[in-house]
Amino acid sequence: MSVTREEVAKIASLARIKMGDAELDKMVPELNNILEWVEQLGEVDCSGVEPMTAVIPNSLRLRDDVVDAIPETAGGRREDVLANAPAAEHGFFGVPKVIE
Amino acid sequence: MTELTQLGVKAIRDGVAGGDFTAREVAEAFNAAVAEAADLNAFIVTTPDHALAAADATDAKRAKGEDLGTMGGVPIGMKDLFATRGVQTTAASHILEGFKPQYESTVSQNLWDAGAGMLGKLNLDQFAMGSSNETSYFGNVASPWKKDGTNAAMSPGGSSGGSSSAVAARIAPAATGTDTGGSIRQPAAFTGICGIKPTYGRCSRWGVVAFASSLDQAGPMARSVEDCAIMLEAMAGFDPKDATSLDMPMPNWEAALSADLKGKRIGIPKEYRMDGTDEEILKSWEQGKEWLRDAGAEIVDISLPHTKYALPAYYIVAPAEASSNLARYDGVRYGLRDLPDGAGLQDMYAATRAAGFGDEVKRRVLIGTYVLSAGFYDAYYTQAQKIRTLVARDFEQAFAQCDAILAPTTPTASFPLGSLNEDPLTMYLNDVFAVPASLAGLPAMSVPAMLNSDGLPLGLQVVGKPFDEQGVLDVGLAIQQRANFNAQPEKWW
Amino acid sequence: MVSNYRIQGATGEWEVVIGLEVHAQVTSKAKLFSGASTAFGAEPNTQVSLVDAAMPGMLPVPNRECIRQAVRTGMAIEAQINTWSRFDRKNYFYADLPQGYQISQLYHPLVGEGQLHIEADEKAGIPEDKVIGIERIHVEQDAGKLMHDQHPTMSYVDLNRSGVALMEIVSKPDMRSPAEAGAYVRKLRSILRYVGSCDGNMEEGSMRADVNVSVRKPGEEFGTRTETKNVNSVRFVMQVIEYEANRQVDVLENGGSVDQETRLFDPNTGTTRTMRSKEDAHDYRYFPDPDLLPLELDEDFLAECRASLPELPDAKRARYENELGLTPYNARELTAEVETFARFETLLAATAKGIGKPEADVATQVANWALSVAPGVIKSLGDEANPAHATAEAQASILDMQAKGEISGGQAKEIFEIVLKTGRDPEEIADTEGLKQVSDTGAIEAAIDQIIADNEDKVAEYRGGKDKLFGFFVGQTIKAMQGKANPAVVNQILKDKLG
Ligand SMILES: [Mg+2]
Ligand SMILES: [Zn+2]
């Protein structure tokens, strides 16, 4: 499979990365080289092989239902949460108006 | 009095504890060395005060006769992928420029708790995506090494290139690195230092800017195997904040170090003899076998049949995870916001990410987005995860015949900055020997072996069984004792 | 017989096909993947952790209680519980989604196929009991909230809800009328509240439905469906279906075709409008969340979930009918809401204990009291009544006196009125307010002797065979006793004396 300029443009918009014509022109062959190269994986017969789920055998650990149990992952720290916001307003994050 | 910047972790820690010099003297010496080394561009920001404060705390403890910690008095470099409270954390990307976390990564906190101090935040490939440290928004990092008879700036490797450059140049006794597909081992090999990536889950990923979650592992980079053991012990440990963190007892790697390999079997994977591999690399590999035989080990041939598919599988899995992990950089809660006149929310995202991400990051995000998109998911992502299962199975079967695996770390020595970035693929091939262990989550280390005929360092890689960092360190130590690599780059910065 | 609900179009009858995806907020103190509180109505962004704000390097760690509640819910709808499941990332960009993806479950949901029973309700247009299939239940993160009216050019983002645990309960396209859909949502809500896995508070958004509607000529293939998002009341769900079904029939009968699209409901107009059409539909790029390992449930965990399940609506209703002998109507009324059956069962226990009879013997009396008598009295008093006084003990002792024949039904109401106003003790009220029936035969005999003496002619007629006159004597006696005589005793003595 190889991607067209239109497809790359579509992927870029899906990934929310604005791309000019020049950038697209450069990107198309690069992506196609990489895709062509990774397609050698198709050679491998993977019938009966499970996709990897956990790289090291280990199952999911669950935590107890306790509010603010660990300070680093607790709520109640609005100042910290908003500290780096480009547009923090009255305790909210501000974004360009969204019309729903 | 000894030149303090020549000392490594163990020598500094023991020297401070023994009163040969104060932690402050050490911090001042390294702060000065860092200040002089701007030409290397190894640091994005320097934090001399942090180093001094930690040093003074150590000296104060010593005065009171308190325990100084396993890294007491040792100032280190912190890869700028680790969130550090109040200190700019960027992942070398414009999109995070100016971001000051209100939190401290578990690994860096562990190091501070062990008595270490911070010299600064080290440069890296942007979002740890790269093998030459040429994708940083804050400029290339130069290796302290030069090819004999040339003056071209050489690559320190990547993505932990600031770390490798700083440690090799003796402006830091040690540094943190992260390894997703070779980002600790390849730079260590390029610069003649040691670096170990532990078993996946040993070091908490909490507070480390994510590249590819199922592969990312932090680890130490230092000039000796002992120093790596000491520092890894300080960095690792169970963290309830990371659901993939290993909840198992922490070994005393430093205490148990032994270069005696009697009764150990070392596997040599035939598939690592790839065409395009530099002759001198193969020679160093042969030499490595000799050293390990000399250390009492038995050398056995093994096969890792799916080795050639590891790298392409990695370049599906890692970008796929990255495309999702990097979605949070959207200009809403932190970092760069690019809001063109009259732009709506979605336009703001596209403009912000276009302005904030570098070319390699964009390339990988697009690849990842594509392989996960409707209609392609199974052909690419699912297939790659199946290959990953096969690669891991290869190692499992190999470890039935051997205790550890010896291979080259890289197919070539370092190269001049700018010489490989025409075609992304040739750059990716740098990690062909490093990636398989990453896909399988195994502990793996690079140890310097020798200089090649150009006077550039070559490294040997040791890969171990899951959780067997000790075995890896022991083999590394046996190599170190026989290679006794003590070459240093000539100071030009 | 299937639902008789049909849209009458110009080209004939149309059948409506409905499937519902209900998002129910899981009852838990902390969020699904962080320690921040889930409490409703806090100041903006005060219940947001670094994890919920998707700061760089933050990681999710799942809350056991959220998994447990989803599993218990699955068990309550007789569903298959998957002991191996996984979380996946649903990738899309929006201001209420800080990570740029929602952690959900697509490929391996926690709960598989189950079912839910809705009861026949002729009036509502549900001819007979029906089983609605449930496709799956998966656990996922809620999103934050956007406010659009606070600033002329900006929307404001509040992440308090971001990361709160939701169960998405996906039905099969088994419903055929607004009434069935309404019954399904009500029944589902009732089960969730019985189980305690969701408070079912639709006003606060604890339950929202995505309504999938399509139409077809009876017996034909499914038509193209539309999905109307986030409908937050049973009434609205039914409105959406009415509107969508008719709209789609119009479109089709005018030669058009229905687009598969996402629509929004406007409660003010009762209509729906296009939100997103298939063309610009998202490509969510689902893939397993690499920050989270597979979720594996062991037997102990499942056993605890099973053991902690309460008696569920259907079982309770059957027991009320079969063991307590209640009418189907009473059984349904009493089991509809958790609060209702809870009150009923406490009162029933107290009454049975007081009277010293098995619950089954007093159940009907208690049910009538709980469903009609007591509510009637409370309603008639309005503000004068203090519901707090209506304790189980008080009501039990009233029912006790009534059962023993010490007070009449009328007196029971009067006493309850006083209880509601004052909180005084019913027995004390009965004594001091003279609200008791006289069973003292002496007084009654005296009254009867007097009545017999005053009405010799009628006594003769009665003895002559005019039995109906018995009622006259009863009435006279009750009157003579100012209504306080125990009717049973009166009857007995009259029979004896009139022979
Ligand atoms: Mg939906
Ligand atoms: Zn959902």
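Figured I'd write up the structure that's included with this text. Quick caveat, the model's predicted, so the values are computed rather than measured.

The rules behind each value
Residues numbered from 1 in each chain as written. Chains lettered and ligands numbered in written order. Predicted model: local features only at pLDDT ≥ 70, side-chain atom pairs only at ≥ 80, totals over all residues. Heavy atoms only, no water. Donors = N, O, S within 2.8 Å, 3.2 Å for Na, K, Ca; no water. Helix = DSSP H or I, 4+ residues; strand = E, 2+ residues; numbered from the N terminus. Buried < 20%, exposed > 50% of the residue type's maximum accessible area, 1.4 Å probe, protein only. Pairing = 2+ DSSP bridges. Contact = heavy atoms within 4.5 Å. Buried area = accessible area lost by both parts, 1.4 Å probe. Salt bridge = Lys/Arg side-chain N within 4 Å of Asp/Glu carboxyl O. Phe/Tyr/Trp six-rings, centres within 6.5 Å; stacked < 30°, edge-to-face > 60°. Lys NZ or Arg CZ within 6 Å of the ring centre and 35° of its normal. Polar contact = N/O pair within 3.5 Å; in protein donor to acceptor, adjacent residues only side chain to side chain. Axes fitted to C-alpha atoms, helices over the stretch in contact; angles between N-to-C directions. Parallel < 35°, antiparallel > 145°, perpendicular 65-115°, else oblique. Nonpolar A, V, L, I, M, F, W, Y, C, P; charged D, E, K, R; others polar. 1 Å grid on protein atoms, 1.4 Å probe; cavity = no way out; pocket = protein on both sides within 12 Å on 5 of 7 lines; lining within 4 Å. Points joined across faces, edges and corners; volume = space filled by probe spheres on them.

1. Concerning the coordination of the magnesium ion (ligand 1)
Residue and element names in this part refer to chain C.
So, point 1. Within the protein, the atoms that donate to the magnesium ion (ligand 1) are Glu-21 (OE), Asp-210 (OD) and Glu-227 (OE), at distances of 2.0 to 2.6 Å.
So, point 2. For the magnesium ion (ligand 1), all donor residues lie on one chain, and their spacing in sequence is E-x188-D-x16-E.
So, point 3. Between the magnesium ion (ligand 1) and the zinc ion (ligand 2) there is a metal-metal distance of 5.1 Å. In this pair, Asp-210 sits in strand β11 (residues 207-216) while Glu-227 sits in strand β12 (residues 226-231), placing the two residues 17 residues apart along the sequence. In this structure, Asp-210 and Glu-227 share a single accessibility class: buried.

2. Some thoughts on the sheet that holds strand β8 (residues 145-147) of chain C
So, point 1. Strand order in this open sheet of four strands is β1(A)-β2(A)-β9(C)-β8(C), and the pairing throughout is antiparallel. Sheet topology places β1 (88-89) of chain A together with β8 of chain C at the edges, where each strand pairs with a single neighbour.
So, point 2. With two bridges connecting them, β1(A) and strand β2 (residues 92-96) of chain A associate as antiparallel partners. From the neighbouring strand, Glu89(A) faces β2(A), where its bridge partner is Phe92(A).

3. Comments concerning the interface of chain C and chain B
So, point 1. Between chain C and chain B, the contact holds 30 residues from the first and 36 residues from the second.
So, point 2. Here chain C packs against chain B, burying approximately 2800 Å² in sum over the two surfaces, 61% of which is carbon and sulfur.
So, point 3. There are one salt bridge connecting chain C and chain B.
So, point 4. Among the ionic pairs, Asp291(C) bridges to Arg205(B), the shortest N-O distance being 3.0 Å.

4. Some remarks on the packing of aromatic side chains
So, point 1. This structure, assessed with the given rule, holds 32 aromatic pairs over all chains.
So, point 2. Pairing Tyr349(B) with Phe93(C) gives two aromatic rings, centres 5.7 Å apart and planes at 45°, and the pair type is tilted. A residue pair is termed interchain when its members come from two chains, as with Tyr349(B) in helix α11 (residues 345-356) and Phe93(C) in the loop between β4 (88-91) and β5 (101-104). One exposure class covers both Tyr349(B) and Phe93(C), and it is buried.
So, point 3. An angle of 75° between the planes, with centres 5.7 Å apart, marks the rings of Tyr381(B) and Phe287(C) as edge-to-face. With Tyr381(B) in helix α13 (residues 377-398) and Phe287(C) in strand β15 (residues 287-288), the pair connects residues from two separate chains. For the pair formed by Tyr381(B) and Phe287(C), the shared burial category is buried.
So, point 4. Note that Lys289(B) overlies the ring of Trp285(B), its terminal NZ or CZ placed 5.9 Å from the centroid.

5. Describing the interface of chain B and chain A
So, point 1. Tallying the contact residues gives 72 residues for chain B and 53 residues for chain A.
So, point 2. Each partner contributes to the roughly 5300 Å² buried at the junction of chain B and chain A, and carbon and sulfur atoms together form 71% of this total.
So, point 3. Three residues stand out in chain B for area buried against chain A, namely Gln102(B), Leu366(B) and Tyr370(B), and they jointly supply 12% of the buried area on that side.
So, point 4. The residue Glu23(A) makes a salt bridge to Lys362(B) at a minimum N-O spacing of 3.0 Å.
So, point 5. Joining chain B to chain A, the criterion identifies 20 residue pairs in polar contact (both at pLDDT 80 or more).
So, point 6. Looking at the side of chain B that touches chain A, the elements that each hand over two or more residues are α10 (307-325), α11, α12 (359-372), α13 and α14 (424-428) of chain B.
So, point 7. Sorting elements by how many residues they give to the side of chain B that touches chain A places α13(B) first, with 12 residues.

6. Focus: the packing of helix α1 (residues 5-14) of chain A against α12(B)
So, point 1. Contact geometry of α1(A) with α12(B) gives a least axis separation of 9 Å together with a crossing angle of 100°. Here α1(A) lies roughly perpendicular to α12(B), going by the angle between them. Every residue of α12(B) that contacts α1(A) at Val8(A), Ile11(A), Ala12(A) and Leu14(A) is listed here: Leu366(B), Thr369(B) and Tyr370(B).
So, point 2. Residue composition of the contact of α1(A) with α12(B), grouped by class: six nonpolar, one polar and no charged.

7. Concerning the coordination of the zinc ion (ligand 2)
So, point 1. The zinc ion (ligand 2) binds to the protein through His23(C) (NE2), Glu140(C) (OE) and Glu168(C) (OE); the donor distances cover 2.0 to 2.1 Å.
So, point 2. Mapped onto the polypeptide sequence, the residues donating to the zinc ion (ligand 2) form the spacing pattern H-x116-E-x27-E.

8. Here we look at the layout of surface pockets
Residues and elements named next belong to chain C.
So, point 1. By volume, the second largest pocket amounts to about 550 Å³.
So, point 2. Lining the second largest pocket are 22 residues, with Glu-119, Arg-186, Lys-187, Arg-332 and Ala-336 sitting closest to its centre.
So, point 3. The set of elements that each furnish at least two residues to the lining of the second largest pocket consists of β6 (114-118), α2 (178-195), α5 (313-322) and α6 (328-335).
So, point 4. Sorting elements by how many residues they give to the lining of the second largest pocket places α2 first, with six residues.
So, point 5. Here the lining of the second largest pocket is built from residues that sort into nine nonpolar, three polar and 10 charged.

9. A closer look at the side chain of Asn91(C)
So, point 1. Within the secondary structure, Asn91(C) sits in strand β4.
So, point 2. Relative accessible area serves as the criterion here: at 2%, Asn91(C) is assigned to the buried category.
So, point 3. At a separation of 2.8 Å, a polar atom in the side chain of Asn91(C) contacts the main-chain carbonyl oxygen of Arg285(C).
So, point 4. Dropping the residues within four chain positions of it, Asn91(C) is found in contact with Ser324(B), Gly100(C), Tyr101(C), Asp283(C), Tyr284(C), Arg285(C) and Phe287(C).

10. Here's the deal with the sheet that holds β5(C)
Residue and element names in this part refer to chain C.
So, point 1. If you walk across this open sheet you meet the three strands as β5-β4-β15, and the pairing is antiparallel. Whereas interior strands pair on both sides, the edge strands pair on one side only; in this sheet they are β5 and β15.
So, point 2. Sheet analysis places β4 next to β15, joined by two bridges and oriented antiparallel. Directly across from Asp-88, in β15, lies its bridge partner Pro-288.

These figures come from the coordinates and say nothing about function on their own.
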